[in-house]
Amino acid sequence: MEKEHIFSLEYARSLDDQDQLKAYRQEFYIPTNKIYFDGNSLGLLSKRAEKSVAIVMEAWKQLAIDGWTEGEHPWYYFSEALGEKMAPLVGAESTEVIVTGSTTVNLHQLVASFYKPSKTRTKIVADELNFPSDIYALQSQLQLKRYDHTDHLIYVTSKDGSTLDEADIIEAMTDDVALIVLPSVLYRSGQLLDIQRLTAAAHERDIKIGFDLCHSIGAIPHELHEWGVDFAFWCNYKHLNAGPGSVAGIFVHERHFGQAPGLAGWFSSTKEKQFDMEHHLTPAVDAGAYQIGTPHLLSSAPLLGSLELFQEAGIDQIRNKSLQLTDYLLLLVKQELQAYSFTVDVLPAERRGAHILLNHKEAARICKALKAGNVIPDFRSPNSIRLAPVALYNTFTEVYETVHKLKKIMEEKTYKTFPNERGVVA
Ligand SMILES: *Cc1c(COP(=O)(O)O)cnc(C)c1O
């Protein structure tokens, strides 16, 4: 390959020609004339997801109350059926996954279930780079058990302000720790943690460990069962494209089956006993036990169609293309943007999630200029631009165009015409 050639538009187009997943772009509604690189915040609507919402609406229209037990997808078993379809994405047995709740509610449920402080083990380990909602949930769970979170929530610190060192996390696994909650992929830098290594280290020390998969589900393969992870939770509206506020997911390893959930409700029950209406709960003997109340059918329906696409494309293929996209993005950023004071953490493939983070002190207004140029990035206060080229619907040509648009914005300083402050949602 000639050196010049790999920086050409023709090269980007040739990568698109060879792309084995290129047909999937047609399955999505791509905003007209836009380059959408924000699929790690809100994934795009697919035609299949739209269709599966229509199926649930139709069942409601035709069957009314009987939709719970009749029709193609009886609602009473819908969350379990979706869990079974999702299980391959996290490397789980079909009974270990349930679609329920939201990310944050599920974290509350799992901490309420798995945080069992003893006389000597009372602390929870998290990290200082985690998403605020996870931290708030952990703080409030400690408070509910009457522990002061200022000394009971231990934050693993970052040496460089953007990544974590597994050795530092393991060092924080001391005798007084009862539970560890970490992200699989850090929401800013996109660093992928070594889940297997951290799980093994936690278990050697008799500590329970759970992971937030919000930024890895649908982008990266997992082997949660084999790695022995105690629990995990995630949202389905980012890489899984199930729509704003779509119902989320929980994984609980089967060795924990049979325990009562920390937060119970009638949908925690075994299916057979639920309608006996007893005041004594008989919890389901699988991940279903972590449900609380009536499932949100209209917000879980899109997942049905969306998961078909993942099953067809294959998560390993998706991961391969995602890495090619981010490799290519990093290559072009290095080549074209070196004059403009961006800082980028270049993470090797095995430690990289599905997005790239560019830091720049003018990031807020650079994002606005990109948006004005029909590229949708993601701004994270105070100085970060996240770019997520998504394997199922983005192209190499879009990566090329984005970097060149960004170069032009920097060259011509057009970003200076925008105020350097964030919008309400950014
Ligand atoms: C997106 C995201 C959330 C969102 O939580 P919700 O309860 O769905 O609002 C939480 N944690 C992480 C790490 C996320 O990336």
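Just so it is clear, the structure is predicted and the values come from calculations on it, not from any experiment. (Residues numbered from 1 in each chain as written. Predicted model: local features only at pLDDT ≥ 70, side-chain atom pairs only at ≥ 80, totals over all residues. Heavy atoms only, no water.)

### Quick word on the domain arrangement of the protein chain
Interface size is commonly expressed as the accessible surface area that is lost when the partners come together. Cut-off, in case you're wondering: Domains are outlined according to an automatic or database domain assignment. In this analysis, two residues are considered to be in contact whenever any of their non-hydrogen atoms come within 4.5 Å of each other. When two parts are put together, the accessible area they lose, computed with a 1.4 Å probe and summed over both, is reported as buried area. Salt bridges are defined as contacts in which a side-chain nitrogen from Lys or Arg sits within 4 Å of a carboxyl oxygen from Asp or Glu. In protein, a polar contact means a hydrogen-donor-capable atom and an acceptor-capable atom, both N or O and within 3.5 Å, with residues adjacent in sequence counting only if both atoms are side-chain atoms; elsewhere, any N or O pair within 3.5 Å suffices. The helix and strand labels rest on DSSP assignments: H or I over at least four residues marks a helix, E over at least two residues marks a strand, and numbering proceeds from the N terminus.
Looking at the protein chain, the domain boundaries give domain 1 (2-30 + 314-417) and domain 2 (50-312). Taking only C-alpha atoms into account, the centre of domain 1 sits 30 Å from that of domain 2. Facing the 26 residues of domain 1 at the interface are 25 residues of domain 2. Note on domain 1 versus domain 2: buried area summed over both sides is about 2200 Å², and carbon and sulfur give 55% of it. Of all residues in domain 1, Ile-315, Arg-351 and His-355 give up the largest surface area on contact with domain 2, accounting jointly for 25% of the area buried on that side. On inspection of domain 1 and its partner domain 2, the count reaches 1 salt bridge. Put simply, Arg-351 and Glu-166 hold a salt bridge, and the shortest N to O gap is 3.1 Å. Where domain 1 packs against domain 2, one counts 11 residue pairs in polar contact (both at pLDDT 80 or more). Sorting elements by how many residues they give to the side of domain 1 that touches domain 2 places helix α12 (residues 315-336) first, with 4 residues.

### Thoughts on the site of the ligand
The criterion, for reference: The rule for a residue being near a molecule or strand is that one of its heavy atoms must lie within 4 Å of it. Each accessible area value is a Shrake-Rupley result obtained with a 1.4 Å probe; residue values ignore everything except the protein chains displayed when judging cover. Under the convention adopted here, Pro, Cys and the residues Ala, Val, Leu, Ile, Met, Phe, Trp and Tyr are nonpolar, Asp, Glu, Lys and Arg are charged, and Gly plus all remaining residues are polar.
Every residue lining the ligand is accounted for by Ser-102, Thr-103, Thr-104, Phe-131, Asp-134, Asp-212, Cys-214, His-215, Tyr-237 and Lys-238. A distance of 2.8 Å separates a nitrogen atom of the ligand from a polar side-chain atom of Asp-134. The contact in question runs from an oxygen atom of the ligand to an N or O atom on the side chain of His-215, over 3.1 Å. Relative to its free-state accessible area of 390 Å², the ligand is covered by the protein chains to the extent of 85%. The class makeup of the residues in the shell around the ligand is 3 nonpolar, 4 polar and 3 charged.

### Quick notes on the pairing of strand β13 (residues 384-387)
What counts here: The buried label applies to any residue whose accessible area, calculated with a 1.4 Å probe on protein chains only, is under 20% of its type's maximum; exposed applies above 50%, and partly exposed to all values in between. Paired strands are those between which DSSP finds at least two bridges.
Burial of β13 is two-sided: the residues Ser-384 and Arg-386 facing one way and the residues Ile-385 and Leu-387 facing the other way are all buried. Strand direction decides the pairing type here: strand β12 (residues 378-380) and β13, joined by 3 bridges, are antiparallel. Its bridge partner lying in β13, Asp-378 is registered against Arg-386.

### Looking at the sheet that holds strand β3 (residues 123-127)
Threshold: Interaxial angles span 0 to 180 degrees and are taken between N-to-C directions of axes, which are lines fitted to C-alpha atoms, for helices over the stretch in contact.
The 7 strands are arranged β2-β8-β7-β6-β5-β3-β4 in an open sheet whose pairing can be described as mixed. Each edge of the sheet is formed by a strand with only one pairing partner; in this case those strands are β2 (97-99) and β4 (153-156). Here the average twist between neighbouring strands, direction ignored, is 20 degrees. Note: strand β6 (residues 208-212) against strand β7 (residues 231-234), 3 bridges, orientation parallel. Across the sheet, the residue bridging to Asp-212 is Phe-233, located in β7. Here helix α3 (residues 78-90) sits on the sheet and contacts β2 and β7; the angle it forms with β2, its principal contact strand, is near 125 degrees. Helix α4 (residues 103-114) rests against β3, β5 (177-183), β6, β7 and β8 (249-252) of the sheet, and its axis sits at about 165 degrees to β7.

### Section: the sheet that holds strand β10 (residues 356-359)
Spatially, the 4 strands line up as an open sheet ordered β9-β10-β13-β12, and their pairing is antiparallel. Only two strands of the sheet have a single neighbouring strand rather than two, namely β9 (343-344) and β12. Pairing geometry for β10 and β13, over 4 bridges, is antiparallel. Looking at β13, one finds that Leu-357 is bridged to Arg-386.

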